[in-house]
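Examining the three-dimensional arrangement
Take a look at the letters that make up each chain.
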Amino acid sequence: MILKNETKAYCDGFNCTILESISDGVFTVDDQWQITSFNRAAELITGISRNEAIGRPCWEVFHSSLCEAECPLSQTRKSGKAVVGKVCYIVDAKGRRITISVSTSLLRNSRGEAVGAVETFRDLSAMESLRLKLKGDFDMGELISHSPAMQKVLELTPAVAETTSTVLIQGETGTGKELVAKTIHALSRGRESPFVAVNCSALPDTLLESELFGYKAGAFTGAQKDKPGRFAQARGGTLFLDEIGDISPAMQTKLLRVLQEKSYEPLGAVHSEKSDARIIAATNKDLEHLVEIKAFRQDLFYRINVVRIDLPPLRHRKEDIPFLVEHFVDRFNLLFNREIRGVDPQVLSILMSHDWPGNIRELENIIERAFVLCRQEEITRSHLPRDLILREQRAGEPLNMYSARQALEAGNISRALRQSQNNLSQAARLLGMHRSTLYRKMKKMGL
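Residues numbered from 1 in each chain as written. Predicted model: local features only at pLDDT ≥ 70, side-chain atom pairs only at ≥ 80, totals over all residues. Heavy atoms only, no water.

Considering the overall build of the protein chain
A count of helices and strands for the protein chain gives 21 helices and 16 strands. The burial tally for the protein chain puts 45% of its 447 residues in the buried class. (Helix = DSSP H or I, 4+ residues; strand = E, 2+ residues; numbered from the N terminus. Buried < 20%, exposed > 50% of the residue type's maximum accessible area, 1.4 Å probe, protein only.)

Dropping the structure here:
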């Protein structure tokens, strides 16, 4: 029988002073899995006091994502081997999810007998926050950018999401207008309600009217039962009207009435129905110019232009290309169950020198095509579309080597940080530079 005080002995005197002074959480368990010691850092990270923890089974105190199937302490107890740096998360006393790294080893007495085990854990929350910033996620879904041209969009999006104001998103085709609309919805109070999208340019007036407002049975030949429109489907949520600049003057008038009175009439109805859906409109056209030439109603423009978000084209934010490429590579690796590491430097140079008339959608399509063709660990020039390579050759212009070099450097730094789990010192060693040099480069690149 192993005595509990044998597992406490390691924390007496000098050893205890050391454990209390370190920033890593440390706790020990006896052979019955009961916690026998719990240092101050463990209290701070978990939000659980030492008095509450000691004497209780570890799984009642330390709520880890590894507790059931992959418990590191259990693995160490069974194999006798230490577990080092396993990343997981815990749920603290306030219900917050905290990313940590865990290490475990056996505790032995003076006779070499195993008397329990010790687990140390490190709070990686700051590193996780840095990782999100490096990826450009900013807790906003797939909106990825390090570009000053996108800074206003990134700052405005969460502020707009807190209101119910109508939003107009303007930008070229493929710049991510619907993605911004979905992000606003996801951050809004109505996030649990539907996000409903309608492409206004894809339907003629008669179909668009019934699509938006719905119809009652008998409204026209073939209408055998009521059909709710998109306004009804988006109740309490968001209605995204894409390509609103393409709707006819007659449809503009009907849409204006909905925005003014917050009500509409389904085809064949005798009573109006209320609408509380938030409206986000988008267009790739210059609505102000359309207003000037009388092709778009001025009053409707003012109704939808309460808050305007202008998305820059990809050619004006080329510093984002390495991060977008990495994002698409990660996405298609999951989608296609592949393990492609990324693109080679020559490919990145070609991508950086392209003008991107199709913007982010064009870049995504190129990476997806490369995944179809690539059977290696890295996407090379041979996997790019032939017309893209020929276009670069016909241009006859030298590549912007500064931009390409900066993009390569940013990509290398990002990969090194990912491989080192965002440990700056370890990333600097992987890159062959001093930690202060790495920090200076990250600061210069806006990372």
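So, the sheet that holds strand 7 (residues 195-199)
Taken together, 5 strands build an open sheet; the order of strands is 7-10-13-6-14 and the sheet is parallel. Two strands in the sheet have a free side with no partner beyond their single neighbour: strand 7 and strand 14 (307-310). Each neighbouring strand pair of the sheet contributes to a mean axis angle of 20°, computed without reference to strand direction. Taken together, the 4 bridges between strand 6 (residues 167-170) and strand 13 (residues 278-283) define a ladder with parallel strand orientation. Bridging from a neighbouring strand, Q170 pairs with T283 of strand 13. Against the sheet, helix 8 (residues 151-161) engages strand 6, strand 13 and strand 14, with an angle of about 150° to strand 14. (Pairing = 2+ DSSP bridges. Axes fitted to C-alpha atoms, helices over the stretch in contact; angles between N-to-C directions. Contact = heavy atoms within 4.5 Å.)

Brief notes about the sheet that holds strand 2 (residues 35-38)
Read across the sheet, 5 strands follow the order 2-1-5-4-3 without closing on themselves; strand pairing throughout is antiparallel. Across the chains shown, the open sheet's two edge strands, defined by having one partner strand only, are strand 2 and strand 3 (83-91). Each strand axis lies, on average, 30° off the axis of its neighbour in the sheet, ignoring direction. The pairing of strand 1 (residues 25-29) with strand 5 (residues 114-123) spans 5 bridges and is classified as antiparallel. Among the inter-strand pairings, V29 is bridged to a residue of strand 5, identified as A117. Docked against the sheet, helix 6 (residues 72-79) engages strand 1, strand 3, strand 4 (97-108) and strand 5, running at close to 20° with respect to strand 4.

Here we look at the packing of aromatic side chains
Taken as a whole, this structure holds 12 aromatic pairs when the rule is applied. A centroid spacing of 5.7 Å and a plane angle of 10° characterise the contact between F332 and F336, whose relative ring orientation is stacked. Linking F332 with F336, this pair stays in helix 15 (residues 321-336), spanning 4 residues, or about one helical turn. Accessibility expressed as a relative area gives 2% for F332, which makes it buried. For F336, a relative accessible area of 31% translates into the label partly exposed. Taken together, a centroid distance of 5.6 Å and an interplanar angle of 55° make the contact between F332 and F371 tilted. Of the two residues, F332 is situated in helix 15 and F371 in helix 17 (residues 359-373); the sequence distance between them amounts to 39 residues. (Phe/Tyr/Trp six-rings, centres within 6.5 Å; stacked < 30°, edge-to-face > 60°.)

Some points on the pairing of strand 14
Because side chains alternate across strand 14, one face comprises the buried residues V307 and I309, and the other comprises R308 and D310, none of which is buried. Direction of pairing for strand 6 relative to strand 14: parallel, over a ladder of 4 bridges. Residue pairing in the sheet places L168 in a bridge with R308 of strand 14.

Quick word on the layout of surface pockets
For the largest pocket, the calculated volume is near 530 Å³. Lining the largest pocket are 24 residues, and of these T175, G176, K177, L179 and R361 lie nearest its centre. Listing elements by their share of the lining of the largest pocket, those giving two or more residues are helix 9 (177-187), helix 15 and helix 17. It is helix 9 that provides the largest number of residues to the lining of the largest pocket, a total of 5 residues. (1 Å grid on protein atoms, 1.4 Å probe; cavity = no way out; pocket = protein on both sides within 12 Å on 5 of 7 lines; lining within 4 Å. Points joined across faces, edges and corners; volume = space filled by probe spheres on them.)

Notes on the nonpolar core
F231, L239, L241 and I304 are the most contacted members of the largest nonpolar core, which totals 30 residues. For this core, the elements supplying multiple residues, two or more each, are strand 7, helix 10 (205-213), helix 11 (230-233), strand 10 (238-242), helix 12 (249-261), strand 13, helix 13 (287-292) and helix 14 (298-304). Tallying contributions element by element places helix 12 first for this core, with 5 residues. In this view, L241 contacts V198, C200, L212, L255, I279, I280, A281 and A282; residues no more than four positions away in its chain are not counted. V343, L348, W356 and I367 belong to the second largest nonpolar core, which has 29 residues in total. (Core = buried A, V, L, I, M, F, W, Y, C linked by side-chain atoms within 4.5 Å.)

Let's talk about the pattern of salt bridges
According to the stated counting rule, one finds 19 salt bridges in the structure shown. Close ionic contact of K216 with E273 constitutes a salt bridge, the shortest N to O distance being 3.5 Å. Taken as a pair, K216 in the loop between strand 8 (214-215) and strand 9 (227-228) and E273 in strand 12 (residues 273-274) lie far apart in primary sequence, 57 residues in all. Residue E273 is classed as partly exposed on the basis of its relative accessible area of 23%. (Salt bridge = Lys/Arg side-chain N within 4 Å of Asp/Glu carboxyl O.)

With respect to the confidence of the model for the protein chain
Taken over all residues, the pLDDT of the protein chain has a mean of 82, while the share at 70 or more is 86%. The low-confidence segment residues 132-141, where pLDDT is below 50, has 26 contacts with residues more than four positions distant or belonging to other chains. (pLDDT = per-residue confidence, 0-100.)

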